[in-house]
Every structure is written in structure tokens, then in C-alpha cells.
Amino acid sequence: MLPFVLARGWPSQISHRSAYHNLIPIVCRNRNKSASTSGGSGHQHLGDEQVITGSLSGAKHVSKLVPPSSTSIGGKTNNEARLLVSGPDASGIVASFSQLLYGHGCGIVDCTSESSEEDNHDETLVVATDFDCKRLLQHRSNQKHHERMFFQRILFDYSNLNVEKSLVEKEIESTCQKFGMESQLSWGDKRQKVAIFVSKYDHCLWELLLRHRAGELLCDIPLIISNHENLRSVAETFKIPYQVFPVTKDTKSSQEEKQMELLHEHNIDLVVLARYMQVLTPTFCNSFHNRIINIHHSFLPAFMGGMPYHRAHERGVKLIGATAHYATMDLDQGPIIEQDIMRVSHRDDVKDLIRKGRTLEKNVLVGAVKAHLEDRIIVHRNKCIVFAE
């Protein structure tokens, strides 16, 4: 059996939980000329490549894993797919998916995994007297247990795929069932369609459209929807259809139905609320579950409602920020995708706070949209695990 090798730059603590039958040979294109070893294991150089065997469970980041027959040009390949998996942590997860892909001629270009430990316990509220408190706390402590969750993103090249895609999908589903996991597979052969919702503020819209034109957001934007005419000229600048649905308290429900019909007509994959100043109904949120990204300032919940920057200035805040999250039925309480902050001082007036806040908002929103389009997000409960670029 070939030795287990750690390429330089990998974490030194790779889990050895898996049995030896999980160990598989993989060729690693090593960008460095030497490699470190773990636990006295040796390594075998093959020019600029190394042969690696082992279950990669627990590895935080594995880079440039390719089968011997795969080729790449400048680190870029033409057929790259993205696989996201999540579920309870267990031995052999990484090895199983690596072996599955390798066995069908796929080369792992990038593999990143994260794990987290969370507490699960009975949240039932119990009314108790002071005499019972000690017994109640002991009962809740006994109910509490730890569950370690595993999250992984695999970027793989399928240029040399030797079977039908449907077979790979079926085997991935079978492997997920074995480990009790969930998966999301994107073959990267279809550009997502994005609809942008706006009201009167234009800074986020401009940033999205400029970044899209520059090729930073790989998607199609077939329409922009608004409840005001104000930003039609921006849409026309980029030659994107601009649809207006005036919303009042009486027409909100009917207008939202028309909006959803338009979105389904265009097969929209993602809705971006670029400072859209309307609260979406539960029906709308459920129709695009984890596919609606919202942006707002990070003063919540301290300064809810109108004129948050004015009230923040009155309080003398020292930090301002922006938050991008998935929109849910709970207003501004959805899973957070991206955040950023900026220091301010007493020398900044309200206009300064607003100007700096808008800079944060547009950059944070673009970052969140980019992460979604690149399949770098796993939503677990009310939390986003966001993998780095």
C-alpha cells in the first residue's frame, strides 16, 4: 500500500478514524516541491505530483486532487461541478465521496470541509417551584447531548467522466443515505437567472450591474422589479427590462402574485432585494426558500424602523455595518451570509454615516450574491456555512 502523505499547507491534524479499507490512492498535483509527513509516514514523489492514500475525513482543505489521466490548464478546467454535502460527522465521509468521483474519472480540484459541535436538548418550557429547580436543571442536563456536524464543498473536474451524469447523481444520493447526509450538486453547465428588486435607493443596483458587466457575477439578469419608477434609467443603461408594480396596503397581495408569476415565467433561480423597501409575505418567502437575499444595515435590533443612521448618530455609535441574509418569514432574522463593519467617530455626521453605510451595503450584498452563485453556502438550521473563494 502506498504511504499516507500530507502535502505542505494542509492541516497537520488529519483524522485517522477510518479503517484501512477506506484508504484510496489519489494523485495530488503538488504546487510545492516538498511535503511534510505525519505520524512517521513517508511520501513518494512523482515529479511535481504525489500519490496520497488515506481517508481525508477531518481535513480542513484539500487542494488540486486530480486522477492521473486528468489534465488542467493554468489551474483552470472547462468542466467543473460543485458538490455540497452536510450531515452528522462520521469516519470515511471524505474518502467515500473522493473514491466515488475518482472511480468515474473525475478529478478533485478543490475540497474544503468544516465541522462544528452543537448542543441539542429538550427546549420544552416547564413551570417549576423553587424546590424543583435543582431537579429540573439536572433533568435538562441529562437530556442534553452533543452532535458533531460535517459540511463539505467539493469542486471537481468531470472532463474525463466515464459514465452518465445520472449515475454519479444516483451514487451520490446513495452515499448520502448511507451517512444520513444531504447533498446539492451543480454541474456548472447552466447559468443561474437572477431577478433584482429595488425601490428608490440605487447604490446596490449600480454595484450589482457593474460587477455583473465586469464578469464577477456569473449569472443572467433578465429583469429588474420595482414598486417605483425612479430607477428605470439605471435598468435602461444596462438594457435590462424594468417592471413596476406599485404597492399599497390594499394591492400588496395581488401585486405580489403578479411578481411571482413573472419570476416563474422567467425561471428565476435567485431573487436579490437590493434595498427593496417592502416586506415580503410568507407565501413569497416559501416560494423561494433560501433563494432570496436581502441587505440591510447592522443596527438591528437597536435602531429598528426609519432613520436608523440619525438615531445611531445621536447615540454616538462607534461601529456601523451591513448584513446580507436569506429572507424568511421572520423579518430580518434569516440565515446570515455576509457581514462587514467600519469604524466611525464623533467627527462623522449623519451624511458620513449614510455614505459609509452604503459602501458597506453594496459590497456585502455583492459578496453574498457571489457566494450563492458559486455554491459556497450550506444553510444549516438558521445558520450559513460559507466556504471561502
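Check the entry above for the structure.
Cut-off values and rules
Residues numbered from 1 in each chain as written. Predicted model: local features only at pLDDT ≥ 70, side-chain atom pairs only at ≥ 80, totals over all residues. Heavy atoms only, no water. Pairing = 2+ DSSP bridges. Helix = DSSP H or I, 4+ residues; strand = E, 2+ residues; numbered from the N terminus. Axes fitted to C-alpha atoms, helices over the stretch in contact; angles between N-to-C directions. 1 Å grid on protein atoms, 1.4 Å probe; cavity = no way out; pocket = protein on both sides within 12 Å on 5 of 7 lines; lining within 4 Å. Points joined across faces, edges and corners; volume = space filled by probe spheres on them. Nonpolar A, V, L, I, M, F, W, Y, C, P; charged D, E, K, R; others polar. Expected span 1.5 Å × (residues − 1). Buried < 20%, exposed > 50% of the residue type's maximum accessible area, 1.4 Å probe, protein only. Arc of directions from axis to C-beta. Phe/Tyr/Trp six-rings, centres within 6.5 Å; stacked < 30°, edge-to-face > 60°. Lys, Arg positive; Asp, Glu negative; His and termini not counted. Salt bridge = Lys/Arg side-chain N within 4 Å of Asp/Glu carboxyl O. Polar contact = N/O pair within 3.5 Å; in protein donor to acceptor, adjacent residues only side chain to side chain. Parallel < 35°, antiparallel > 145°, perpendicular 65-115°, else oblique. Left-handed = near helix turned anticlockwise from the far one by under 90°. Contact = heavy atoms within 4.5 Å. Core = buried A, V, L, I, M, F, W, Y, C linked by side-chain atoms within 4.5 Å.

Student: Which parts of the structure should I look at to understand the sheet that holds strand β15 (residues 292-297)?
Tutor: Strands pair in a sheet through their backbones, by hydrogen bonds, and they do so in one of two ways: parallel or antiparallel. Spatially, β13-β12-β11-β14-β15-β16-β17 is the arrangement adopted by the seven strands of the open sheet, whose pairing is mixed. At either margin of the open sheet sits one strand with a lone partner, and together these are β13 (242-244) and β17 (336-343). For this sheet, the mean inter-axis angle between neighbouring strands, taken without regard to orientation, is 20 degrees. As judged from the six bridges shared by strand β11 (residues 192-198) and strand β12 (residues 219-226), these two strands associate in the parallel manner.

Student: So what exactly am I meant to see when it comes to empty space enclosed by the protein here?
Tutor: Rolled over the atoms, a probe with the dimensions of a water molecule shows which regions are left empty. Considering all chains together, one arrives at two cavities of 30 Å³ or more under this definition. Counted as a void, the largest cavity has a volume near 50 Å³. Every residue lining the largest cavity is listed: Val247, Lys252, Gln255, Glu256, Gln259, Tyr276, Gln278, Val279 and Leu280. Taken together, the residues of the lining of the largest cavity sort by class into four nonpolar, three polar and two charged.

Student: Would you mind showing me how to read helix α6 (residues 252-265) here?
Tutor: An α-helical turn contains 3.6 residues, so any two residues separated by three or four positions project in the same direction. Taking 1.5 Å per residue as the helical rise, α6 with its 14 residues ought to reach 20 Å, and the 20 Å between its terminal C-alpha atoms agrees with that figure. Listing the buried residues of α6 in full gives Gln255, Glu256, Gln259, Met260, Leu262 and Leu263. One face of α6 carries all of its buried residues, which in axial projection span an arc of 160 degrees. More than 90 degrees from the buried face of α6, the exposed residues found are Glu261 and Glu265.

Student: I keep staring at the packing of aromatic side chains and nothing clicks. Help me out?
Tutor: What characterises a pair of aromatic rings is the spacing of the ring centres plus the angle enclosed by the ring planes. For the structure on display, the rule yields six aromatic pairs. With centroids separated by 6.0 Å and ring planes inclined at 80 degrees, the aromatic side chains of Phe156 and Trp187 adopt a geometry described as edge-to-face. Of the two residues, Phe156 sits in strand β9 (residues 145-157) while Trp187 sits in the loop between β10 (182-186) and β11, which places them 31 residues apart along the sequence. Take Phe156: its relative accessible area is 0%, and that puts it in the buried class. When the ring of Trp206 is compared with that of Phe238, the centres are 5.7 Å apart and the planes differ by 65 degrees; the resulting orientation is edge-to-face. Here Trp206 is found in helix α4 (residues 203-213), whereas its partner Phe238 is found in the loop between α5 (232-237) and β13, with 32 residues between them in sequence. Look at Trp206 and you get partly exposed, because its relative accessible area is 30%. For Phe238, a relative accessible area of 13% gives the class buried.

Student: Looking at this structure, how should I read the layout of surface pockets?
Tutor: Considered as a void within the structure, the second largest pocket measures approximately 820 Å³ in volume. Taken together, 35 residues form the lining of the second largest pocket, with Arg275, Met277, His296, His297 and Asp332 sitting closest to its centre. Among the elements of the structure, α7 (282-287), β15, α8 (308-315) and α9 (350-373) are those that each provide at least two residues to the lining of the second largest pocket. For the lining of the second largest pocket, the leading source of residues is β15, giving four residues.

Student: Teacher, can you tell me more about the side chain of Asp110 here?
Tutor: By the element assignment, Asp110 lies in strand β8 (residues 107-120). Buried and unpaired, Asp110 has Arg153 as its nearest opposite-charge partner, separated by 4.6 Å. Polar contacts involving the side chain of Asp110 include one to the side chain of Thr112, which spans 3.2 Å.

Student: For this particular structure, what's the right way to read the packing of helix α1 (residues 93-103) against helix α3 (residues 165-179)?
Tutor: For any two helices packed against each other, one specifies the crossing angle of their axes together with the interaxial distance. Where α1 contacts α3, the two axes come as close as 11 Å, and the packing angle between them is 165 degrees. Taken together, α1 and α3 sit at an angle that is classed as roughly antiparallel. Crossing angle aside, the handedness with which α1 passes α3 is right-handed. Residues Ile93, Ser96, Phe97, Leu100 and Leu101 of α1 touch α3, and the partners they reach there are Val168, Glu171, Ile172, Thr175, Cys176, Lys178 and Phe179. The residue makeup of the contact of α1 with α3, split by class, is eight nonpolar, two polar and two charged.

Student: Hey, could you run me through unusual backbone geometry in this one?
Tutor: What is expected of a backbone is that most residues other than glycine have negative phi and most peptide bonds are trans. With a phi angle near 55 degrees, Asp375 is a residue other than glycine that sits in the positive phi range. When you line up the elements, Asp375 lands in the loop between α9 and β18 (377-380). Despite not being glycine, Arg381 shows a phi value in the positive range, around 55 degrees. Tracing the sequence through the fold places Arg381 in the loop between β18 and β19 (383-386).

Student: For this particular structure, what's the right way to read the nonpolar core?
Tutor: Side chains of a nonpolar character, in soluble globular proteins, are inclined to be buried together. Residues Ile196, Leu208, Leu209, Ile224, Ile293, Leu365 and Val369 are the most contacted members of the largest nonpolar core, which totals 44 residues. Considering every element that reaches this core, the biggest residue donor is α9, with nine residues. Setting aside residues up to four positions removed in sequence, Leu365 forms contacts with Cys204, Leu208, Val272, Ala274, Ile293, Ile295 and Ala324. In terms of nonpolar packing, the next biggest core, distinct from the first, is built from 21 residues, Ile93, Phe156, Tyr158 and Trp187 among them.

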